[in-house]
Structures are given as structure tokens and as C-alpha cells.
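# Coordinate inspection notes
Listed below are the residues making up each chain.
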Amino acid sequence: MERIQEALAKARAERQRGSASRTDHAAPAASDGRVDADWQALTPITRDVELLKRNRVIAVESGHDAAPYDLLRTKIMYQAQTNGWRRIAIVSPDPAAGKSTTLANLAFSFERQRDMRVMCIDLDLRRPNMHKVLGQKPEHSMPDVLEGRVSFADHGMRLGERVAFGLNARPTARPSELLLSREAREGLDRIERAYTPDLVFFDISPLNVSDDNIAFLQNVDCA
């Protein structure tokens, strides 16, 4: 945990120092109508409620089962607004601890939250699992988007009106090198400028498995 906190503190300082220069060179913000159209153009996710339940996604509809995730959603919103956080990494100590399941449930909880748009990006590139949890079969993977081979418009999927996913079709070779690269940073900035989400969640690799997570923490505000 101390290692994560140090990496996040360093990342926030670097992002704050670079924010002025990035703003100078950033593309003009898209109009609300253009952003609405871009979100609507994303491929909609078809919900298989029984499959989602088997995969422990229990926040599909509001109610008793979804209440803990709705509470977590509200706490995240409060902390994000208080601290000015926009990018949040979801981590776990080891594989099969439930981080992808947690993010999937949070996605459905946020989909019911009005006036917010949220993106959920799977960057656990060694063991991508989010597409399985959601029962989706994407044709491409997030490295294709970050490296510019595929646009997010052609890859992203939409849950309802307010949540977008960036999933993976298969594991990726040398994920640490990709996640450390300028190409990845610029790719994420490009997606944010185009879709202007209020929050972006990243499902990243377990802490005790590889250095992928530390490589990526430079790009987020908290974990």
C-alpha cells in the first residue's frame, strides 16, 4: 500500500505540473450535442441478466442486493468531488479477489445515477476478465485503441445512456511497456477529450502479480 501511495503522490504532482502545458495544446472541448452523439454511437451492451447474476453482478437493478454498491458509488462520488479526482484505479492484492466484479457492479450502479457519465476501462492486460463478467465478445482490445490501430468509437461499448466500457478480446504481450508509454498516456487523453466523462475507472492488474499496476499509476488520481 505504501508503494501505491508513493506512486500516486508522485503521479498527481507530475500531472499538476504538466496540466498547464497540456491545456495549451489540448483540442477544443466538443459541444454537448457532439458528445451526446458520440456516446449514442457506441455499440450498446445487451444484458443477459441470468449470466450477469451467475457472474455475481447483482447491481443490475436497484434494490437490496445493489445497495452496497450504490453506497460505494456515493462514497466514490463524494471523495472524487472533494479531491478533484477524475481517474480511479480498481486494484486487488491477488488474482480472483473480485476487482473486475466490483467494477462491473459499480458500472450498473453508476448507470442509474443521473447527470454523470462514467467510463470503465479494462487494463488488466495479462488476464483481461471484464468482458467475461459482462458476457461480451469484443473484436478488438484496448491496446489497439491506445496504439492508434482502432478508434474508441469503433471499439467502445455503451451500457445504457451513461456508462461506456473499453474491453479486451485477449491478453496482451508486454503490457508494462505499453502502460508506461507516452502512446498510452496520449491515447487516454484523446478518449477523455472526445467523450468528456465525469469519472474514468481502470481495472488494473493485481498488486502481487506484476509491475503493470505501478507502471500505470502515473495516469490516475487514486486507487
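Our structure is the block above this text.
Along every chain, residues carry numbers that run from 1 in the direction the sequence is written. The predicted nature of this model means local features are confined to residues of pLDDT at least 70 and side-chain atom pairs, given and counted, to a pLDDT of 80 or more, with totals for whole chains, interfaces and linings taken over all residues. Side-chain measures were taken over the full set of non-hydrogen atoms in the model, leaving aside hydrogen atoms and water.

Another aspect to go through is the overall build of the protein. Secondary structure summary: the protein contains 11 helices and six strands in total. Out of the 223 residues in the protein, the part that is buried amounts to 48%. For accessible areas, the Shrake-Rupley method is used with a probe of radius 1.4 Å. Any residue's cover is judged against the shown protein chains and nothing else. Here the protein displays about 11500 Å² of accessible surface, and carbon together with sulfur accounts for 48% of that area. Runs of H or I in DSSP of at least four residues are treated as helices and runs of E of at least two as strands, each being numbered from the N terminus. Classification of residues uses two cut-offs on accessible area relative to the type maximum, computed with a 1.4 Å probe and protein chains only: under 20% is buried, over 50% is exposed, and between them is partly exposed.

Side-chain rings of Phe, Tyr and Trp (the six-membered ring for Trp) are treated as a pair once their centres are within 6.5 Å; stacked means planes under 30 degrees apart, edge-to-face means over 60, and tilted covers the remaining angles. All chains considered together, the criterion is met by four aromatic pairs. An angle of 70° between the planes, with centres 5.4 Å apart, marks the rings of Phe152 and Tyr195 as edge-to-face. Here Phe152, found in helix α8 (residues 152-155), pairs with Tyr195, found in helix α10 (residues 182-195); they are 43 residues apart in sequence, far enough to count as distant. Each member of the pair, Phe152 together with Tyr195, is buried. Here the aromatic residues Trp39, Phe152 and Tyr195 are joined through ring pairs into a cluster of three or more.

Before going further, it helps to spend a moment on helix α5 (residues 99-111). Look at α5: 18 Å from first C-alpha to last across 13 residues, which is about the 18 Å you get at 1.5 Å a residue. Summarising burial for α5: 12 of the 13 residues are buried, a large majority. Taken as a whole, α5 has its buried residues at Lys99, Ser100, Thr101, Leu103, Ala104, Asn105, Leu106, Ala107, Phe108, Ser109, Phe110 and Glu111. One fewer than the residue count of a helix, multiplied by 1.5 Å, yields its expected span.

Every buried residue belonging to helix α2 (residues 32-41) is among Val35, Asp38 and Trp39, and all of these are buried. Within α2, the buried residues cover an arc of 100° as seen down the axis, which keeps them to one side. Pairs of residues are marked as contacts when any of their non-hydrogen atoms sit within 4.5 Å. Looking at the buried side of α2, the elements it contacts are β3 (118-122), β4 (157-159), β5 (163-166) and α10. An arc is given here, and it is the one of the directions from the helix axis to the C-beta atoms.

Attention now moves to the nonpolar core. To form a nonpolar core, buried Ala, Val, Leu, Ile, Met, Phe, Trp, Tyr and Cys residues must be joined to one another through side-chain atoms within 4.5 Å. Of all hydrophobic cores here, the largest spans 32 residues; its most connected members are Phe108, Phe110, Leu134, Val163, Phe165, Leu199 and Phe201. Among the elements of the structure, α4 (67-83), β2 (87-90), α5, β3, α6 (130-134), β4, β5 and β6 (199-203) are those that each provide at least two residues to this core. For this core, the element with the highest residue contribution is α5, accounting for six residues. Leaving out residues up to four positions away in the same chain, Phe201 has contacts with Ile76, Ile88, Ile90, Leu103, Phe110, Val118, Met119, Cys120 and Ile121.

Now for the side chain of Ser205. By the secondary structure assignment, Ser205 is in the loop between β6 and α11 (212-216). By relative accessible area, Ser205 is classed as buried at 1%. Each residue touching Ser205, except ones within four places of it in the same chain, is listed here: Lys99, Leu123, Asp124, Ser210, Asp212 and Asn213.

The next point concerns the pairing of β6. The buried fraction of β6 amounts to five of the five residues, a majority that puts the element mostly inside the structure. Both faces of β6 are covered, namely the face carrying Leu199, Phe201 and Asp203 and the face carrying Val200 and Phe202. What makes two strands pair is DSSP finding at least two bridges between them. Bridging between β2 and β6 involves four bridges; their strand directions are parallel. Note on β6: the bridge partner recorded for Ile88 is Phe201.

Moving on, we get to unusual backbone geometry. Of all residues except glycine, most have a negative phi; of all peptide bonds, most are trans. A positive phi angle, near 65°, is found at Asp115, a position not held by glycine. Tracing the backbone through its elements, the reader meets Asp115 in the loop between α5 and β3.

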